[in-house]
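What follows is each chain in one-letter form.
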Amino acid sequence: MAAIAPIISSFSLIFGGCCANVYCLEAIVKQEPDSGLLITLFQFVFTCLSTLHYQLDPNGRYYLRSSPVPFRKWVTSALLFFTVNMMNNWAFAFNISVPVHIILRSFGSVTTMTAGYLRGKKYTPLQIFSVAILTLGVMVSAWADASSKGKTNSANADPDKASLEAGLLVLLVAQLLSAYMGAYVEDVYRDHGKDWKANLFYSHLLSIPMFAAFAPALNAQFARLQSSHSFQVPPSVAATLPPTLNKFLASTSQHVIYLLANAITQLLCITGVNILSANTSAVTVTIVLNIRKLVSFMLSIWLFGNHMGGLMKVGAVMVFGAGALYGYETTYRIPLKKKLEARKEEKGQQRAAKDSKKRSTTPNPPSAEIVSEKAANFLEKAKPYKPRQKQPEWDYKLAITIMTALAFITRFWGISHPDQVVFDEVHFGKFASYYLQRTYFFDVHPPLGKLLFAFAGWLVGYKGEFLFENIGDSYISNNVPYVAYRAMPASLGALTVPIVFLIMWESGYSLPACVTASGLMLLDNAHIGQTRLILLDASLIFFMALSVLAYIRFYKLRHDPFSRKWWKWLLLTGISLSCVISIKYVGVFTFFSIGVPVLFDLWDLMDVNRRQGALSLPEFGKHFAARVVGLIVVPFFLYLFWFQVHFTILSRSGPGDDFMTPEFQETLSDNVMTLQSVGINYYDSITMRHKETKVYLHSHTDRYPLRYDDGRVSSQGQQVTGYPHNDTNNHWQVLPVKELPSEDEAAGTRFNDTLFEIKVEKGKGDFKTMSTHFKLVHVPTKVAMWTHTKPLPEWAYKQAEINGNKNVQQSSNVWYVDDIPSLPAEDERNKKEVKQVKHLGFLRKWVELQRAMFYHNNALTSSHPYASQPISWPFLLRGVSFWTHNDTREQIYFLGNPVGWWLASSLLAVFAGIIGADQLALRRGMDALDDRTRSRLYNSTGFFFLTWAAHYIPFYIMGRQLFLHHYLPAHLASCLVTGALVEFIFCIEPQDPQTPGTPAEKGHRRTRSRPVRERVATASQLGSWIAAGVILAATFWCFLFFAPLTYGKPGLTVDQVQARKWLGYDLHFAK
């Protein structure tokens, strides 16, 4: 009975608290759908205060009871718990009703099963079948909800509401994280004991500081809830309450009371879940919660009258029926089967024992060795589980702490200077403002990096009023929180330094090698200058380095496949790779640099003679599928997610409209094309504009010259040109084709030469102004009318040339009708009706935007005064001028640390020379390296060299504008190679003595393999420390010497500027 009591109490708390919680939640969401953030905060604060007494200890550290669970595990659990709760409540902002929210959260059985499978658990066919039915039920419910809200009707789409698809995606991610959190907490309970009270307390306490970033949104949500009418207490109830309580309720907003009640009922529910989790498995908890959701679902329908159509009912029955079937299989059939098997096995053992007694009349006593071995095995199994203890590496930890602190100092020092728009801040700051204004724009880069800037602005409550129009515009006079903007890339840039240290550390290099590699990044002027401004490269390099670190951690777990940590680092590698390519498309180089070793790893797994044993084809298939999912599928869907966020936020018409098709533009509110487009009829006089150059199709009385400058002879026909201004000579009449009486008459009047076919793009829709894009195809010659930006000579008044393009499919042939000047004011077509914003599928919008981004990215071929070629980057032949101030002679000149760059570039050549010399020596039968050193040189340092090459060599085949900052990811890789070669060249390791009496083998000599830490511990690191000290001292001096150009202050005299023109750098104020 004592064992059942906790389960019964947990059931009471779960069903009572959670069902009451639904009532309060419905009441709040009906008033303020976007209040999920405030609801979560109240629940966390109230739960933390109410569980504080469990953890108080007057004699404990910080007056808290000591916990056997490491603090980092509580932090991880709190982070997961905070994220899951935030995402579940955030989903209400996506126009998802409470019943549908409950149904979709019942999808947890699927995610729990997936998490269990990834951790090695097996499932029965009935469990898999029930989960499949549950999944289908969730899909039916979601589709039914979309249909009931008119989501399938494009005319009723609301541009100010986020799409239903985004809400479904948010809930799906929340369920996946929730499944991982359940498995993580289960492991914590297994390793350190089932202290659910401590988990309840710390998961809420450590989550509360995370709300500080959302203070503006929380204030706004609370103000909206507080504006509702006061709480009404029935007279019969008020008579039984104290006067003070009645007065409090009467003076408090009704929805604030619901908010407090929601927090109290949530506490009861969470307490029950924690008790149940500590006494049962994760699957049992999931099933009980599904049943609770069914009860809550029915209450929501009954109490608040939420509409529930036929398909919704079918989906709900499928979801909860499948959940019940899953629970029946898990909690009844499987335990019953295990009991029967155990009984059968016990009977078999008893029968075998009887048979052995009959055969053995004088049994031999077991030997002492066997007894001791069995006792040792028993004691080993009886020991509680403890994670493997690592050797204390205080020197590494101290070094990385110092490096991190110095990185933040160098990146944040003087970050408020200059208080003006600098270089490409004019672009990326403007894009952040467009996000905050929800105004559609176009850029050739994916959205993640710009979304991070917009998020930084949103955190400080900025509305995006300033549009960063010109370099040199003042931030102070326009009240722009530019320091908050710059702090985001500065933080990522500072964190990149310890990540480089960790890459070297995890790769097993000595401390001098780690300090050298991270020190070169710490003191590099280019990385510092680029990360202190509102630019994308800091986030790009951060996630690129994080991808390399995550892959190294994953590779180190190759002998423990499909474990939780193995999956964690595989998925983190994929997520980091996705973030790289979601910032800039050069992230594909990072995919290549990690994809190559992954392919080598798979090739090694195919080997039947591999040292760890051959894999069967099904086992290899699991390895292959896991890598495809972790490194391709998950990154691709995350990449799509950022575009979904991009489309969801940018719902209003803006400067990016012109880059998109009319169908896309009709999905944006306030779009001029949607508001002003009218149908075009025959005999209308229209004005036509070229889509790319915006010139009007124009004709005047002047004629082409008889002979052009190049000697060609013209027809001296009337000039047709492109004119940038509105003019009566831009009017053209739309005439139907008339058949002439005879072919001779047609030929005589050159009638056919005047025929043009209006070929509408995509070939559908009405012919309208603004919204219809078309090509004018000359009927006899089948060429399209085309223009370009180069003007004609003086005889055409420098207007644009109109010519024919044989390649009809090119986008430069597209025109549209700008206006109908002949349209009478009383015409029916002038009566503008309110037009609804249309809906376009996500994939269609994404494909269209991708095509436009690739096209315009490749079109960036114009010259720039500070553009440079890839051959000059490793040698730092020139930089880029970012900003100047004439009065103070201050300037920001983007330039790397010459000493660091030249050293790293030189050692790249040294590495290539070492590999070549080793291969040549092997060909001649000379073995200069032992197998361990060679393997490390080729695999670890070779991986760093491959990363450098993958991020550098492809730029040679690019035709677009290139700048020095494109080399920064490759420079990071070259720093890793430098650190590795410092250890290889200067770290002296004592030779292993040969076994006495064993003659030396000819040719390749095998050496005893030892762990990296053991090898480094026995090696002499004096030479490495001296080399690292010299390198960093020279780099530090060079950093200080060029610091005025990096930080933009102080201003330099002419002599000081001249002293810094080492390779003729084009610095300002040199005269």
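Our structure's up above, just so we're on the same page.
Report on the accompanying structure. All figures in this text were calculated on a predicted structure; none of them were measured in a lab.

This part takes up the environment of leucine 972. Among the structural elements, leucine 972 can be located in helix 33 (residues 968-986). Here leucine 972 falls in the buried class, since its relative accessible area comes to 0%. Between the alpha carbons of leucine 972 and serine 518 there is a distance of 9.2 Å; along the sequence they are 454 residues apart. Once you skip the residues sitting within four places of it in the chain, leucine 972 turns out to touch Thr496, Val500, Met521, His527, Ile541, Met544 and Ala545.

If you walk through the whole model with that rule in mind, you get 61 aromatic pairs. A centroid spacing of 5.4 Å and a plane angle of 15° characterise the contact between tryptophan 74 and tyrosine 202, whose relative ring orientation is stacked. Taken as a pair, tryptophan 74 in helix 4 (residues 71-90) and tyrosine 202 in helix 9 (residues 196-205) lie far apart in primary sequence, 128 residues in all. Judged by relative accessible area, which is 4%, tryptophan 74 ranks as buried. On the basis of an interplanar angle of 90° and a centroid distance of 6.2 Å, the ring pair of tyrosine 462 and tyrosine 485 is categorised as edge-to-face. One end of the pair, tyrosine 462, is in the loop between helix 19 (448-459) and helix 20 (482-506); the other, tyrosine 485, is in helix 20, and 23 residues separate them in sequence. For the pair tyrosine 462 and tyrosine 485, a shared accessibility class is recorded, and that class is buried.

Under the 1.5 Å per step criterion, the end-to-end length of helix 10 (residues 215-226) is 16 Å for 12 residues, consistent within 8% with the ideal 16 Å. Listing the buried residues of helix 10 in full gives Ala217, Leu218, Gln221 and Leu225. Angular distribution of buried residues about the axis of helix 10 spans 100°; they occupy a single face of the element.

Tracing the chain through its elements places alanine 484 in helix 20. Between the alpha carbons of alanine 484 and valine 460 there is a distance of 7.5 Å; along the sequence they are 24 residues apart. Dropping the residues within four chain positions of it, alanine 484 is found in contact with Ala456 and Val460.

Moving on to the side chain of serine 812. Here serine 812 lies in the loop between strand 8 (800-805) and strand 9 (815-819). The exposure class assigned to serine 812 is buried, which follows from its relative accessible area of 12%. A distance of 3.2 Å separates polar atoms of two side chains, one belonging to serine 812 and the other to tryptophan 786. When residues no more than four places from it in sequence are discounted, the contact partners of serine 812 are His690, Glu692, Trp786, Thr787 and Asn805.

Glancing now at the packing of helix 33 against helix 35 (residues 1022-1047). Where helix 33 contacts helix 35, the axes come no closer than 8 Å and their chain directions differ by 140°. As summarised for this structure, helix 33 and helix 35 are arranged oblique, according to the angle between their axes. As helix 33 packs across helix 35, the resulting crossing turns out to be right-handed. Contacts between helix 33 and helix 35 involve Val982, Glu983 and Phe986 from the former and Gly1023, Ser1024, Ala1027 and Ile1031 from the latter. Taken together, the residues of the contact of helix 33 with helix 35 break down into 4 nonpolar, 2 polar and 1 charged.

Turning our eyes to something else, we now look at unusual backbone geometry. Cis rather than trans, the peptide bond between histidine 417 and proline 418 has omega equal to -5°. Along the chain, proline 418 falls in the loop between helix 17 (394-412) and helix 18 (425-437). The step from lysine 1049 to proline 1050 runs through a cis peptide bond, and the omega angle for that step is -5°. Mapped onto the fold, proline 1050 is located in the loop between helix 35 and helix 36 (1054-1059). Here phenylalanine 468, not a glycine, exhibits a phi torsion of approximately 50°, which is positive. Summarising the element assignment, phenylalanine 468 is placed in the loop between helix 19 and helix 20.

Reading the values: rules and limits
Residues numbered from 1 in each chain as written. Predicted model: local features only at pLDDT ≥ 70, side-chain atom pairs only at ≥ 80, totals over all residues. Heavy atoms only, no water. Helix = DSSP H or I, 4+ residues; strand = E, 2+ residues; numbered from the N terminus. Buried < 20%, exposed > 50% of the residue type's maximum accessible area, 1.4 Å probe, protein only. Contact = heavy atoms within 4.5 Å. Phe/Tyr/Trp six-rings, centres within 6.5 Å; stacked < 30°, edge-to-face > 60°. Expected span 1.5 Å × (residues − 1). Arc of directions from axis to C-beta. Polar contact = N/O pair within 3.5 Å; in protein donor to acceptor, adjacent residues only side chain to side chain. Axes fitted to C-alpha atoms, helices over the stretch in contact; angles between N-to-C directions. Parallel < 35°, antiparallel > 145°, perpendicular 65-115°, else oblique. Left-handed = near helix turned anticlockwise from the far one by under 90°. Nonpolar A, V, L, I, M, F, W, Y, C, P; charged D, E, K, R; others polar.

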